[in-house]
Amino acid sequence: MMHQTIKRDGVETIGNPHLSLEGINKKYGLVEVISNLNLEVRKGELIALLGPSGCGKTTTLRMIAGLIAPSAGKIAVGGRDVTHIAPHGRDMGLVFQSYALFPHMTVAKNVAFGLEMRGLSRADIANKVAKALSMVQLEHLAERKPRELSGGQQQRVALARALVIEPSILLLDEPLSNLDAKLRDEMRTQIRDIQQQLGITTVFVTHDQVEALSMCDRIVVMKGGLIEQVGTPHEIYERPATPFVASFVGRTNRVKGKRTADGCIRIGSSMIRSATPAGQDDVVVMVRPHRIHIDWNATSTEQDETANRTAAVLSRITFIGDVIQYHFDVDGSEFIVEESTKKSQSSHRHGDKAVLSWSVEDTLVFGADQ
Amino acid sequence: MTTATFDMPVGAQKPSSTAGIAVALLLPIALVNAIGFILPVFNLARMSFNEALPGGGIAEAFTAANWTGLLQDSFYIELILNSIMVSLGITLATLLVSYPIALYLHRASGAWRTFLTVLVISPLLTSAVVRTYGWIALLAEQGPVANVIASMGFQPPRMMFNTTGVVIGLTEILMPYMILSLMAGFGRLDPKVEEAARTLGATPFRTFWRVILPLTLPGIALGCLLCFVLSISSFITPKLMGGGRVFLLATEIYDQAIVTLNWPLAATLSMLVLIIFGAALAVYSRVLRMIEG
Amino acid sequence: MFARLSIAVSALTIAAVSSASAETVTLTAYSGIFQEHYTKAVIEPFMKKYPDITVQFYSMPNSAQMLGTLRAQKSSPQIDVAILDVSVAKAGTDEGLFDKVDESVSANVKDLYPNAHAEGVAGVGVTFDNLVIIYNTDQVKTAPTSWNALWDKQYEGKVIIQAAPDIQGTTFTIISNKLAGGGDYKTDVSAGIAKIGELAPGVQTWDPKPDVYAPIANGQAALGIGWNARAQIYSGTSGGKLGVALPEEGSGFQINTINLVKNAPAGEAAKKFIDYALSPEAQAAFTSEMFYAPTNSKTVIAQDALKRTAADDMDKMIDIDWLAVAKVRDGITEQWRRRIIPLSR
């Protein structure tokens, strides 16, 4: 319909990116908000810019859209340098966090706006608007004003308005943050479906790791104007490059340790092993809570090649619904372990002793000053 | 009476007591309005049906002569039309010069915005008389404006003691009102909406025409209503800058009331101004409904 | 509580009565320099002469506002004596606002010049003033001797005239009508209107502000018309920048009348004040002070002051019947608006 649905193979050479940012730098006065950012996005890829507020992800998106100019660097789309092109010449569809619908126009007029700016005939416009509205299932609301719509409906109008112009890149600025949790889940799927169906290159700004992990082909984790890591959701989750990525994406236990002469790491009185070598003497050890196994009956803390073990004392239980969190004290450090809940209530009490074990593979070690 | 209230359910008392409070709260302003506005307007209306005697006398009568005479006199027809046209011209000029300022102020933020807003409002701290004398000095025959025009090699036009002077003076005097009204009406103008238009392919001009302008129409309507009403009823500036050449309703009312002593005619003209106000208000609410609709 | 209230009320009444018995005469007349000089030349000597009577000056910018105030107070007057223009006094008389000022009020009435009496006006003339040419002495080197100086091309754009309906404009119409050889101003002033029409394109403003004297004194304009008494005062205060000339063709009088307000609270004291104001003594003092010509024929005035009034040129004056003019004034105003002012746009 708009773009030919292309088969995404995921192995398109990154040497020919659809969108590329080279050495992007943005300063406000003396404050540098983006430093030397380099990024390449493949055609048809859905990429997330993920990070806490103030990390520069929205600034980056706005630079791609042309709404703000980078202080240095180059932005190219399909090999064409667009760094100095005004937003109306960039051919990008942007969906704002607040939707930014034109309040004085009907839904149909909102969607038609971009087409009118491109000088299409009235018949073409009517046709495309109808198709775009049906894609987001809003045909029946075409003549309403935005203020008469719910948040989710407004969000879909904003999406239709951005897509109807068949932009070469779709930019989404926290599009789901103003929706309630249930609607957010629905829209996640819907946006991903439409994106897949159109095969449109999409940059998605979010601070929500679940959105990034569940929807995107690749994730760019940003912090303080710098890229921390770029990778697939799996890579980001399983092989976080920095402690920040590890703690920002997914939950994790974080314990200080010391490297010993034999390459092991001492946490309190326990010695553990890691698959990743520690580069420093002072280290931080991270383990995902649900990767830890609790053995309530074992007493042996004998280590082996594949598993770390340590004795622990239960200090608190938190029931969350689908998971239950056990808070353990391990030589003064807290370890949280998550288990799926079962029908029967947990019989464990504060003060119960247990042995925690987890795979060496799951033991992430970072230098303490990272 | 007290026993009756005891029998009443508690909930039933509430509406009547809040209504009582509302009446009590509204009473003072209603009284002030009745004494200070409605009564004088009735007096004025009554006066417009009295008979004017030569030399400033008034005869109690009930005649429509002032009204019919006014509407048959080509001088007054021209004066009324001239007043409306000049006021519309001033309103338009005020809008054109104030709009960019208001838009800039709307987009400015923080201390800079506060500073600029104070700067815009500060002329209101000076009386219109003083500001008008300022313009008289600026627009005088050998004044700075004339000198600048002359230095560019043009013959400076007459800018004072005529309609041009009145328009220039009143435009500047009404600008703060227009800017404040515009800013008050710019609430719907979200910068994100402008950005949305830009990303959808609208040039800055088309963004202005299709998005910014329609969204600022309520402010424009409010500012225009206010400036029209203020300019058609303004008296000091036309009197000082008009040089006796510019015949407007407000100055004519003054002349008839104070110089000629023809109070019935002055009252008739005043009622006419009130009717024009009413018409302006009707147009405004219609326009507003169109915008909002 | 009611008892206390009635005590308060009676206390107030006593206060009001006692203040009335201390005899205060409230005079309404023009504000500004008129108030300043009239107070000095007439009111202060009067209060010295009658220590029991206090004169309060209630100033107003013009006659019309005085009439408006008197109208509003018709049922319970607060003002005792009003000095205002003769045609406005006629309107006030017609509305029954004034009592007749005759010899029963003041013996001086019989000594007044005949044109101090106007048919159908309750009050009598207290000052005469006349229209003069005023000029900026820097721009007009030699004093004009004729009204025709206003039509001199070299002053084009520098002439200021207070247009009709102001009585300066009305008086100027009558003078111009005479200059143009027109007939009786009471029936036809079209010759005068046509003559002013020729002047119109060169007129800078028809409504000089704050008055006609300031723009000429400060050089914004070169020539204009104004009232002699005020012009003489401003001539002094402007350090000679403002010149005053009574043209050889003569001029017309403006008459201020003094009127006794009907049911005036001051009663006899008000009459005493009117009597004093019309006395040769007060008339001479005010003429020397502000150069209004006296209305009392018995007035003896120093020669230097007399030269600065029109009293020496009585024979050259056009006898303007202001009550007749009042009837044609609307017509004159209309002709100004249709046949003079549009020519200057």
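Conventions used here
- Residues numbered from 1 in each chain as written.
- Chains lettered and ligands numbered in written order.
- Predicted model: local features only at pLDDT ≥ 70, side-chain atom pairs only at ≥ 80, totals over all residues.
- Heavy atoms only, no water.
- UniProt positions renumbered as here; feature names shortened; annotations may be inferred.
- Axes fitted to C-alpha atoms, helices over the stretch in contact; angles between N-to-C directions.
- Helix = DSSP H or I, 4+ residues; strand = E, 2+ residues; numbered from the N terminus.
- Parallel < 35°, antiparallel > 145°, perpendicular 65-115°, else oblique.
- Left-handed = near helix turned anticlockwise from the far one by under 90°.
- Contact = heavy atoms within 4.5 Å.
- Nonpolar A, V, L, I, M, F, W, Y, C, P; charged D, E, K, R; others polar.
- Buried area = accessible area lost by both parts, 1.4 Å probe.
- Salt bridge = Lys/Arg side-chain N within 4 Å of Asp/Glu carboxyl O.
- Buried < 20%, exposed > 50% of the residue type's maximum accessible area, 1.4 Å probe, protein only.
- Pairing = 2+ DSSP bridges.
- Core = buried A, V, L, I, M, F, W, Y, C linked by side-chain atoms within 4.5 Å.
- Domains from an automatic or database assignment.
- Polar contact = N/O pair within 3.5 Å; in protein donor to acceptor, adjacent residues only side chain to side chain.

- The name given to chain B in an unreviewed UniProt entry is Putative spermidine/putrescine transport system permease protein, and the organism recorded there is Phyllobacterium trifolii.
- Of chain B, the UniProt comment under Sequence similarities (unreviewed entry) reads exactly: "Belongs to the binding-protein-dependent transport system permease family. CysTW subfamily."
- Under the UniProt heading Subcellular location (unreviewed entry), the entry covering chain B gives this text: "Cell membrane".

1. Quick notes on the packing of helix H4 (residues 74-107) of chain B against helix H5 (residues 110-121) of chain B
All names here are of chain B.
And then number 1: In contact at an axis separation of 9 Å, H4 and H5 are set at 150° when each is read in the N-to-C sense. Relative to H5, the element H4 is oriented roughly antiparallel. Viewed along their axes, H4 and H5 form a crossing whose handedness is left-handed. Residues Ile-101, Tyr-104, Leu-105 and His-106 of H4 touch H5, and the partners they reach there are Trp-112, Arg-113, Leu-116, Thr-117 and Val-120.
And then number 2: In the contact of H4 with H5, the residues fall into 6 nonpolar, 2 polar and 1 charged.

2. A word on the interface of chain C and chain B
And then number 1: Chain C puts 31 residues into the contact, and the matching count from chain B is 30 residues.
And then number 2: Roughly 2,500 Å² of surface becomes buried between chain C and chain B when both sides are summed, with 52% attributable to carbon and sulfur atoms.
And then number 3: For Arg-337 of chain C, the salt bridge is made with Glu-252 of chain B, and the minimal N-O distance between the two is 2.6 Å.
And then number 4: When contributions to the side of chain C that touches chain B are tallied by element, the ones reaching two or more residues are helix H3 (63-72), helix H4 (86-94), strand E7 (203-205) and helix H12 (322-340) of chain C.
And then number 5: Of the residues belonging to the side of chain C that touches chain B, the class tally is 11 nonpolar, 9 polar and 11 charged.

3. Considerations on the pattern of salt bridges
And then number 1: Inspection of the entire model under this criterion finds 32 salt bridges over all chains.
And then number 2: Among the ionic pairs, Glu-45 of chain A bridges to Arg-218 of chain A, the shortest N-O distance being 2.4 Å. In this pair, Glu-45 of chain A is assigned in the loop between strand E2 (31-41) and strand E3 (46-50) and Arg-218 of chain A in strand E9 (residues 218-223), connecting sequence segments 173 residues apart. For the pair formed by Glu-45 of chain A and Arg-218 of chain A, the shared burial category is buried.
And then number 3: In the salt-bridge network here, residues are joined through shared partners; they are Lys-239 and Asp-255 of chain B together with Asp-207 and Lys-209 of chain C.

4. A word on the UniProt feature "domain: ABC transmembrane type-1" (unreviewed entry) in chain B
And then number 1: The positions that UniProt labels "domain: ABC transmembrane type-1" (unreviewed entry) are, in the present scheme, residues 80-284 of chain B.
And then number 2: As annotated, residues 80-284 of chain B has a helix share of 78% and a strand share of 0%, and its two end C-alpha atoms lie 20 Å apart.

5. As for unusual backbone geometry
A negative phi angle characterises most non-glycine residues, just as the trans form characterises most peptide bonds.
And then number 1: The residue after Ala-164 of chain C, namely Pro-165 of chain C, is reached through a cis peptide bond having omega 10°.
And then number 2: Structurally, Pro-165 of chain C is set in the loop between strand E6 (159-160) and helix H5 (167-179).
And then number 3: The omega angle of the peptide bond from Lys-209 of chain C to Pro-210 of chain C is -5°, so this bond is cis rather than trans.
And then number 4: Relative to the helices and strands, Pro-210 of chain C is located in the loop between E7 and helix H7 (213-217).
And then number 5: Of note, Glu-174 of chain A is a non-glycine position whose phi angle comes to about 45°, a positive value.
And then number 6: Positive phi, normally seen in glycine, also occurs at Phe-161 of chain B, with a value near 60°.

6. Focus: the pairing of strand E10 (residues 226-231) of chain A
Residues and elements named next belong to chain A.
And then number 1: Bridge count between E9 and E10: 5 bridges; the pairing is antiparallel. Its bridge partner lying in E10, Val-220 is registered against Val-230.
And then number 2: As consecutive antiparallel partners, E9 and E10 are separated by 2 residues, and within that stretch Gly-224 has a phi angle of approximately 55°, a positive value.

7. What to know about the nonpolar core
And then number 1: Among the nonpolar cores identified, the biggest contains 141 residues, and Tyr-38, Leu-150, Phe-172, Trp-206, Ile-258, Phe-273 and Trp-336 of chain C are the most heavily contacted of them.
And then number 2: The element best represented in this core is helix H13 (residues 263-292) of chain B, accounting for 10 residues.
And then number 3: Contact partners of Trp-336 of chain C, with chain neighbours within four places excluded, come to Ile-161, Ala-163, Ala-164, Gly-169, Phe-172, Thr-173, Ile-193, Ile-196, Trp-206, Ile-341 and Pro-342 of chain C.
And then number 4: Leu-176 of chain A together with Val-120, Val-166 and Met-183 of chain B belong to the second largest nonpolar core, which has 125 residues in total.

8. Quick notes on the domain arrangement of chain C
Residues and elements named next belong to chain C.
And then number 1: Looking at chain C, the domain boundaries give domain 1 (2-128 + 254-316) and domain 2 (129-252 + 322-344).
And then number 2: Of the residues lining the interface, 25 residues belong to domain 1; the matching set on domain 2 comes to 21 residues.
And then number 3: Around 1,700 Å² of area is buried between domain 1 and domain 2 when both sides are counted, 61% of it from carbon and sulfur atoms.
And then number 4: By the criterion of area lost to domain 2, the three top residues of domain 1 are Ile-33, Gln-254 and Lys-316, representing 35% of everything that side buries.
And then number 5: Counting across the domain 1 and domain 2 interface gives 0 salt bridges.
And then number 6: Summed over the shared surface of domain 1 and domain 2, the number is 4 residue pairs in polar contact (both at pLDDT 80 or more).
And then number 7: The set of elements that each furnish at least two residues to the side of domain 1 that touches domain 2 consists of helix H2 (33-49), H4, strand E5 (124-136), strand E10 (253-261) and helix H10 (280-290).
And then number 8: Taken together, the residues of the side of domain 1 that touches domain 2 sort by class into 12 nonpolar, 6 polar and 7 charged.

9. Some details on the UniProt feature "transmembrane region" (unreviewed entry) in chain B
And then number 1: When the UniProt feature table is mapped onto this chain, "transmembrane region" (unreviewed entry) is found at residues 21-42, 79-103, 115-140, 160-186, 207-236 and 263-284 of chain B.
And then number 2: Between the C-alpha atoms that bound residues 115-140 of chain B the distance is 32 Å, and the span itself is 73% helix and 0% strand.

10. Description of the sheet that holds strand E4 (residues 72-77) of chain A
Strands in a sheet are paired, the pairing made by backbone hydrogen bonds, and the direction either parallel or antiparallel.
All names here are of chain A.
And then number 1: Read from one edge of the open sheet, 4 strands run E2-E1-E4-E5, paired in antiparallel fashion. Each end of this open sheet is capped by a strand with a single partner; those strands are E2 and strand E5 (80-81).
And then number 2: Bridge analysis of E4 against E5 gives 2 bridges, and the strand direction is antiparallel. Considered in E5, the bridge of Ala-76 is made with Asp-81.
And then number 3: Running at roughly 115° to strand E1 (residues 19-28), helix H1 (residues 57-65) makes contact with E1, E2 and E4 of the sheet.

11. Remarks on the domain arrangement of chain B
Residue and element names in this part refer to chain B.
And then number 1: Along its sequence, chain B is carved into domain 1 (1-47) and domain 2 (67-292).
And then number 2: With centres defined by C-alpha atoms, the gap from domain 1 to domain 2 works out at 38 Å.
And then number 3: Between domain 1 and domain 2, the residue contacts involve 4 residues of the former and 6 residues of the latter.
And then number 4: Buried area between domain 1 and domain 2, both sides added, is near 460 Å², and the carbon and sulfur share of it is 88%.
And then number 5: Summed over the shared surface of domain 1 and domain 2, the result is 0 salt bridges.
And then number 6: At the junction of domain 1 with domain 2, the criterion picks out 0 residue pairs in polar contact (both at pLDDT 80 or more).
And then number 7: Considered class by class, the residues forming the side of domain 1 that touches domain 2 number 4 nonpolar, no polar and no charged.

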